[in-house]
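Understanding the architecture of this molecule
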Number of protein chains: 4
Amino acid sequence: MFPLVTEVRVRFAETDAQGVAHNAAYLVWFEVARVDYLAEFAGGYQAVRDRGIEAFVTEASVRYAVPARFDDRLRVHVRCRDVRGARFRFDYLVERSGERVADGWTQHACVDARTFRPTRVPPWLAEAIARAEARAAE
Amino acid sequence: MFPLVTEVRVRFAETDAQGVAHNAAYLVWFEVARVDYLAEFAGGYQAVRDRGIEAFVTEASVRYAVPARFDDRLRVHVRCRDVRGARFRFDYLVERSGERVADGWTQHACVDARTFRPTRVPPWLAEAIARAEARAAE
Amino acid sequence: MFPLVTEVRVRFAETDAQGVAHNAAYLVWFEVARVDYLAEFAGGYQAVRDRGIEAFVTEASVRYAVPARFDDRLRVHVRCRDVRGARFRFDYLVERSGERVADGWTQHACVDARTFRPTRVPPWLAEAIARAEARAAE
Amino acid sequence: MFPLVTEVRVRFAETDAQGVAHNAAYLVWFEVARVDYLAEFAGGYQAVRDRGIEAFVTEASVRYAVPARFDDRLRVHVRCRDVRGARFRFDYLVERSGERVADGWTQHACVDARTFRPTRVPPWLAEAIARAEARAAE
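We now turn to the structure provided with this report.

Conventions used here
- Residues numbered from 1 in each chain as written.
- Chains lettered and ligands numbered in written order.
- Predicted model: local features only at pLDDT ≥ 70, side-chain atom pairs only at ≥ 80, totals over all residues.
- Heavy atoms only, no water.
- Contact = heavy atoms within 4.5 Å.
- Buried area = accessible area lost by both parts, 1.4 Å probe.
- Salt bridge = Lys/Arg side-chain N within 4 Å of Asp/Glu carboxyl O.
- Polar contact = N/O pair within 3.5 Å; in protein donor to acceptor, adjacent residues only side chain to side chain.
- Nonpolar A, V, L, I, M, F, W, Y, C, P; charged D, E, K, R; others polar.
- Helix = DSSP H or I, 4+ residues; strand = E, 2+ residues; numbered from the N terminus.
- Pairing = 2+ DSSP bridges.
- Axes fitted to C-alpha atoms, helices over the stretch in contact; angles between N-to-C directions.
- Expected span 1.5 Å × (residues − 1).
- Buried < 20%, exposed > 50% of the residue type's maximum accessible area, 1.4 Å probe, protein only.
- Least-squares fit on C-alpha atoms with pLDDT ≥ 70 in both.
- Arc of directions from axis to C-beta.

Listed per partner, the contact involves eight residues of chain C and eight residues of chain A. Here chain C meets chain A over a buried area of about 690 Å², counting both sides, of which 73% is carbon and sulfur. Counting across the interface, chain C meets chain A through zero salt bridges. Where chain C packs against chain A, one counts four residue pairs in polar contact (both at pLDDT 80 or more). For the side of chain C that touches chain A, a count of residues per class yields three nonpolar, four polar and one charged.

Taken together, the 26 residues of chain A in the interface contact 26 residues of chain B. In total, chain A and chain B occlude about 2100 Å² of area from one another, counting both sides; carbon and sulfur atoms represent 53% of this. If you sort the residues of chain A by the area they bury against chain B, Gln-18, Leu-27 and Tyr-64 of chain A come out on top, with a joint share of 26%. Scanning the region where chain A abuts chain B turns up 14 residue pairs in polar contact (both at pLDDT 80 or more). Mapped by element, the contributors of at least two residues to the side of chain A that touches chain B are helix H1 (25-42), helix H2 (45-50) and strand E2 (53-64) of chain A. Looking at the side of chain A that touches chain B element by element, the count peaks at 11 residues for E2 of chain A. Of the residues that constitute the side of chain A that touches chain B, the class distribution is 14 nonpolar, five polar and seven charged. Relative to strand E2 (residues 53-64) of chain B, E2 of chain A is paired through five bridges, and the arrangement is antiparallel. If you follow Ser-61 of chain A over to E2 of chain B, its bridge partner there is Ser-61 of chain B.

Here we take up the sheet that holds strand E1 (residues 4-9) of chain B. The strand order E1(A)-E3(A)-E4(A)-E5(A)-E2(A)-E2(B)-E5(B)-E4(B)-E3(B)-E1(B) describes an open sheet built from 10 strands, whose pairing is antiparallel. With partners counted over all chains shown, the strands left at the sheet margins are strand E1 (4-9) of chain A together with E1 of chain B, one partner each. For this sheet, the mean angle separating the axes of adjacent strands, direction not counted, is 25 degrees. Taken together, the 10 bridges between strand E4 (residues 87-96) of chain A and strand E5 (residues 99-112) of chain A define a ladder with antiparallel strand orientation. Looking at E5 of chain A, one finds that Arg-96 of chain A is bridged to Glu-99 of chain A.

Take H1 of chain A next. Residue and element names in this part refer to chain A. Taking 1.5 Å of rise per residue, the 18 residues of H1 would be expected to cover 26 Å, and the 25 Å separating its terminal C-alpha atoms lies within 8% of that figure. Burial within H1 is extensive, with 16 of its 18 residues counted as buried. Gly-43, located one to two residues past H1, shows a positive phi value of around 80 degrees.

For the rest of this paragraph, the subject is the relation of the copies chain C and chain A. Between the two copies, chain C and chain A, the superposition gives an RMSD of 0.0 Å; the rotation angle is 180 degrees and the shift along the axis is 0.0 Å. Each copy turns onto its partner about a two-fold axis. Within chain C, Asp-16 of chain C has its C-alpha nearest the rotation axis, a separation of 1.9 Å. Mapped onto chain A, 100% of the interface residues of chain C are again interface residues, and the two copies thus contact each other with one and the same surface.

This part covers helix H3 (residues 123-137) of chain D. All names here are of chain D. Helix length check: H3 (15 residues) gives 21 Å between terminal C-alpha atoms against 21 Å at 1.5 Å per residue, within 8%. Those residues of H3 that sit buried are Leu-125, Ala-128, Ile-129, Ala-132 and Glu-133. In a view along the axis of H3, the buried residues occupy a sector of 125 degrees, so they form one face of it. Set apart from the buried face of H3 by more than 90 degrees, the exposed residues are Pro-123, Arg-131 and Ala-137.

Moving on, we get to the sheet that holds strand E2 (residues 53-64) of chain C. With antiparallel pairing, 10 strands are arranged side by side in an open sheet as E1(C)-E3(C)-E4(C)-E5(C)-E2(C)-E2(D)-E5(D)-E4(D)-E3(D)-E1(D). Strands with a single pairing partner mark the edges of an open sheet, and in this sheet they are strand E1 (4-9) of chain C together with strand E1 (4-9) of chain D. Direction aside, the axes of adjacent strands within the sheet are offset by 25 degrees on average.

Not every positive phi belongs to a glycine, and Asp-82 of chain A is a case in point at roughly 60 degrees. The exposure class of Asp-82 of chain A is partly exposed, given its relative accessible area of 33%. The backbone of Asp-71 of chain B sits at a positive phi, close to 75 degrees, despite the residue not being glycine. Positionally, Asp-71 of chain B belongs in the loop between E2 and strand E3 (73-84). Given a relative accessible area of 27%, Asp-71 of chain B falls into the partly exposed group.

None of this, on its own, says anything about what the molecule does.
Encoded structure:
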C-alpha cells in the first residue's frame, strides 16, 4: 500500500533530555520520506520547485506510539493521496522492526513561487503520483 | 480563554529554503509555550520531572494558516484541558499582530520516569491547571 | 566591551539524551545574538538583505566550558570586530549568572545576493558597527 | 588518511532562507560521522555510554568553503586522533563530488556518567581508535 519506504537513523542531536527522539523530529523524517517519494516518482522536489511551484505544508498530524531512541533504525513508509485542485496529502507510518513507532499525515497546497497564490497540482505531477500509487496498490 | 501567551521571534535557523519558518519549528514553539505555562501555573516542567514524572507527547497536530518569516514576532497562546487519568491536552494559537498564523494541539500522557508506565496526572498538577484555566475563563 | 547581551532560555528541544544542551544549539544562539546586534545597531539583518547583500558564515568556533541545561537562562554577549574588505567577525560569550558556559566566534563574508560574489562590507554598515563598538569601549 | 566516510543528504529542514544549509547543521553532520566511526571501530557510542562514560564536546570548529544546498549528497570523512588522558579529537572533511565544502574538528572529554568528572579514555576505546587509524594510515 505504501509505494516507498525510507530508512532514517535517530541522530543524537534529535534526542532530548527524556532520552528519546524529540517530537518535532518526526516532522523532519516525514519530510525526508516525502522528498524521497518525489525523487523516486516525480523527478525530485527540486524539479517541482524549478518549475516555479512551491508546495506548502498546510496541516501536519503525528501520533506517537512508542518512543524512538538514539541510533534506532526507523523505516518511514510513505504514500500520497487525495490529489485535487491545488492540494494533496501524504500519509506516513514509522516502524522499527515491524513495531509501529508513529504514524501521521501532512496536507499540502501548491502555490506559484512568485505570487504565493494557490495553483493547481500540475498534471504531470498528479499523473506521476497516480501511477506510483496504482502500482503500489496492485 | 487562553491563560498564557508567549512571544517567540522566528530565528534564522528556523527558516528554510522557501524563505519561511519550517513546519517542524511550530512544534518547538508549542513546547516553549507549554513550558512557560507550566512555569507560570505549576512550578515548572522541571518540578514535574523532579517528582519522578515524565510527560510524553502522544499526539500533535498543526494547521498552518499563513507563513511566518524570519524575525517575525509571534505570540503563542496556550491553554490546557481534558485532564483525565494519565492524559491532558494543550491547545495553541499562533498569531502575528492579531492575524492567525497557525493553531494546533498536543496530547500528553504522564509516565513514571523509571518504569515509563502510565501514571495518573498528580492531583497537585491537575488542580494547578484547573485553577489557571478557571481564572482565564472568568 | 560587549555592546550587547541577549538572553536565551534553553529549550527542551535543544537538549539531548545527555541531559544537556546539544553542542549545535550554541551556533543558533550565536546567531540570535548576532541578529539582535544588527537590529540594535544596523537597522536589522533583514535591512542588510534588503539591500542585496547576504552575509555568509565562513568560520565558526565554540569552546564549551560547562554544560547548559534545560530551562537555563543564558546571557549571550556579542561584539563585532575586524571589519575589513568583505569580511567581519563576531565574538560571543555565553554565561549563566556570571559563570562562563561557552565562548566562541564566527567569521563572515559579504556576498552579492544575486551573484554570490564577495562584496565589500557597505560603508554604512561598517560605520554603524564602528560606532557601536566605540561606545562599548568607552 | 580518513578511516571512514559517511554520506549525508542535505534535508530541506536543514536549509535556511539563504537557500543553503544552515551553519549549525554541519555540527550535526560531524556528529553523525563520529557516531558511525564509533559504530564501525568501537562497538558504537551507545556501548561507550553503557559502560558509564559520556563523551562531552569541549570544542568545535568549522570552516565553510562553499555552500551546501538542499538534497546535496555530501561525504563526511572522519578520523580520530590525539587520544591522551581524558581527551580525544575528531577531524572532519565534508566534500561533494570531490570538492571541499567544509572541514572542521571537535575536541572531546570523557566524563563519568554519574559524577560528570573527567575520566581517562578507557584503554579498550583508545586501542580500538589506534587500530582503526593505523589501518587507515597504511
